[in-house]
Amino acid sequence: MSSDSSDPLYWMRVILASNRGTLMELGITPIVTSGMIMQLLAGANLIDVDFSLKDDRVLFSGAQKLFALIISLGQATVYVLTGLYGQPKDLGAGVCLLLIIQLIVASLLVVLLDELLQKGYGLGSGINLFIATNICESIVWKAFSPTTVNVGRGAEFEGAIVALFHLVFTWSDPRRALREAFWRERLPNVMNLIATVVIFAAVIYLQGFRIEIPVKSNRFRGQRGMYPVKLFYTSNMPIMLQSALTSNVFIVSQMLATRFPSNLLVKVLGIWEDNVLTNSLQPMEGSPQLRAVGGIAYYMSPPQTLKEAILDPIHTAVYITFMLSACAFFSKTWIEVSGSGPRDVAKQLKDQQMVMAGHREGSMYKELKRVIPTAAAFGGAILGIAFGCSRP
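Calculation rules
Residues numbered from 1 in each chain as written. Predicted model: local features only at pLDDT ≥ 70, side-chain atom pairs only at ≥ 80, totals over all residues. Heavy atoms only, no water. Helix = DSSP H or I, 4+ residues; strand = E, 2+ residues; numbered from the N terminus. Buried < 20%, exposed > 50% of the residue type's maximum accessible area, 1.4 Å probe, protein only. Contact = heavy atoms within 4.5 Å. Areas by Shrake-Rupley, 256 points an atom, 1.4 Å probe, with all protein chains shown as cover. Expected span 1.5 Å × (residues − 1). Pairing = 2+ DSSP bridges. Arc of directions from axis to C-beta. Polar contact = N/O pair within 3.5 Å; in protein donor to acceptor, adjacent residues only side chain to side chain. Axes fitted to C-alpha atoms, helices over the stretch in contact; angles between N-to-C directions. Core = buried A, V, L, I, M, F, W, Y, C linked by side-chain atoms within 4.5 Å.

(A) Broad picture of the overall build of the protein chain. The helix and strand inventory of the protein chain stands at 15 helices and nine strands. Counting only residues that meet the buried cut, the protein chain has 39% of its 392 residues in that class. Within the protein chain, counting contacts between residues at least 6 apart in sequence, those at least 24 apart form 55% of the total. A total of about 22400 Å² of accessible surface is found on the protein chain, and carbon and sulfur atoms cover 65% of it.

Spelled out as structure tokens, the structure:
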């Protein structure tokens, strides 16, 4: 495959469990996309689904899986025909067809594995497990990778821990070696690893935050319970939606910048690092990945290093504001279209003949409306902070 060109999907591969140049090229994108579209159609009442009926749930699940395969067909075709693996005319029709079939079969296996976990043959959600596996693999590799990389300062070990020991034992000045290991640029460093551990611990701690609303049964006298509203009410959905939005903007901006580099509107959307002599797009140092240096795409992308974040405070402030507002907005919007909003929860409790203790049945919706949207927006904003701080 062609790995010398910029990867337009670079910014969403981690969150969508995708690896370039492998059978997991599409990752969980078809499943997530089909799930979101089907949920939107059901939430907007464009399709009539009664989730209390087993037959409707089976049909909805089957339609979602079929839609995922259709999406994988479309994505695989676009990837191959747009030259992500090389120019189609150089590859030939047979190779292009085989690449498309491989990606579709891989997506089918992902769909089947997700269904296997949903039926109780594993722990948790299949989508979350795929994401967690991809992230853990990335963390372990960046911490202990034994491969060497040259970013203009000679060969260096890619893994942060391996590089730490190598620098300490080979450099004559231990202080300079430690400073290099903790703060080196363009490669994983020890501070990246420490920040990852801190964010991981903070998210685990915040995961336990919840508001427990006391409820009681109208059917059985004396039966009481608690309805928990978690801080991360929408789980990782706002991060996935924000990543999809950002990546789509980057893809469109890179495509337009390649074809119309001098157009004013294209420059407003994004200016990508270019070579002044050749007037052609060039990747950022040490990577084939193009880097935004101006326009909307620039302010939607994170600072690459701590030094960049300090030297360009406007970029840092705009990026943090964008992450907070986008994740809070997507989180609050998702509860309305996914059937987990206050009105839907009130209806579910009413159908189970449950009411909030100390409140009238008619005021249950108002109380839930006060709690659930606030938890969703605030939890989404916290996830946005955590995700923004964990970006390179």
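(B) Spatial organisation of unusual backbone geometry. In this model, Ser235 sits at a positive phi of 55°, which is unusual for a non-glycine residue. When you line up the elements, Ser235 lands in the loop between strand 4 (224-230) and helix 9 (237-259).

(C) A look at helix 1 (residues 29-43). Given a rise of 1.5 Å per residue, 15 residues ought to cover 21 Å, and the 21 Å separating the end C-alpha atoms of helix 1 matches this to within 8%. Those residues of helix 1 that sit buried are Thr29, Pro30, Ile31, Val32, Ser34, Gly35, Met36, Met38 and Ala42. Close packing links the buried residues of helix 1 with helix 2 (54-81), helix 4 (93-121), helix 5 (126-144), helix 9 and helix 13 (313-337). In the segment just after helix 1, Asn45 is the residue with positive phi, at about 60°.

(D) Main features of the pairing of strand 3 (residues 210-217). The pairing of strand 3 with strand 4 spans seven bridges and is classified as antiparallel. Within the sheet, the bridge partner assigned to Val215 lies in strand 4 and is Gly225. Where strand 3 lies against strand 9 (residues 354-356), three bridges are found, and the strand directions are antiparallel. When the sheet's bridge partners are listed, Lys216 is paired in strand 9 with Val355.

(E) Molecular detail of helix 8 (residues 190-207). With 18 residues, helix 8 extends 26 Å between its outermost C-alpha atoms, agreeing within 8% with the 26 Å of an ideal straight helix rising 1.5 Å per residue. Among the residues of helix 8, Val190, Ile199 and Leu206 are the ones counted as buried. All buried residues of helix 8 lie within an arc of 165° about the axis, which places them on one face of the element. With respect to the buried face of helix 8, the exposed residues turned more than 90 degrees away are Val197, Phe200 and Ile204. With a side-chain oxygen positioned 3.1 Å from the backbone nitrogen of Met191, the residue opening helix 8 is Asn189.

(F) Highlighting the side chain of His315. As for its position among the elements, His315 is in helix 13. Residue classification places His315 among the buried positions, given a relative accessible area of 4%. Among the polar contacts listed, one links the side chain of His315 to the backbone oxygen of Ser301, at a separation of 2.7 Å. Once you skip the residues sitting within four places of it in the chain, His315 turns out to touch Tyr298, Tyr299, Ser301, Pro302 and Pro303.

(G) Structural context of the sheet that holds strand 9. Ordered by their spatial adjacency, three strands build an open sheet running 4-3-9, and the pairing between neighbours is antiparallel. Edge positions in the sheet fall to strand 4 and strand 9, since each of these pairs with one other strand and no more. The sheet shows a mean angle of 40° between the axes of neighbouring strands, taken without regard to direction.

(H) The nonpolar core, seen in detail. In this structure, Ile28, Val32, Met240 and Trp272 are the most contacted members of the largest nonpolar core, which totals 40 residues. Looking at this core, the elements with two or more residues in it are helix 1, helix 4, helix 5, helix 9, helix 11 (295-300), helix 13 and helix 15 (364-390). With near-sequence residues (within four places) excluded, Ile28 lies in contact with Ile15, Leu16, Ala17, Val110, Ile127, Phe130, Ile131 and Met240. Judged by nonpolar contacts, the second largest core, of 16 residues, contains Ala346, Leu368, Val371 and Ala376.

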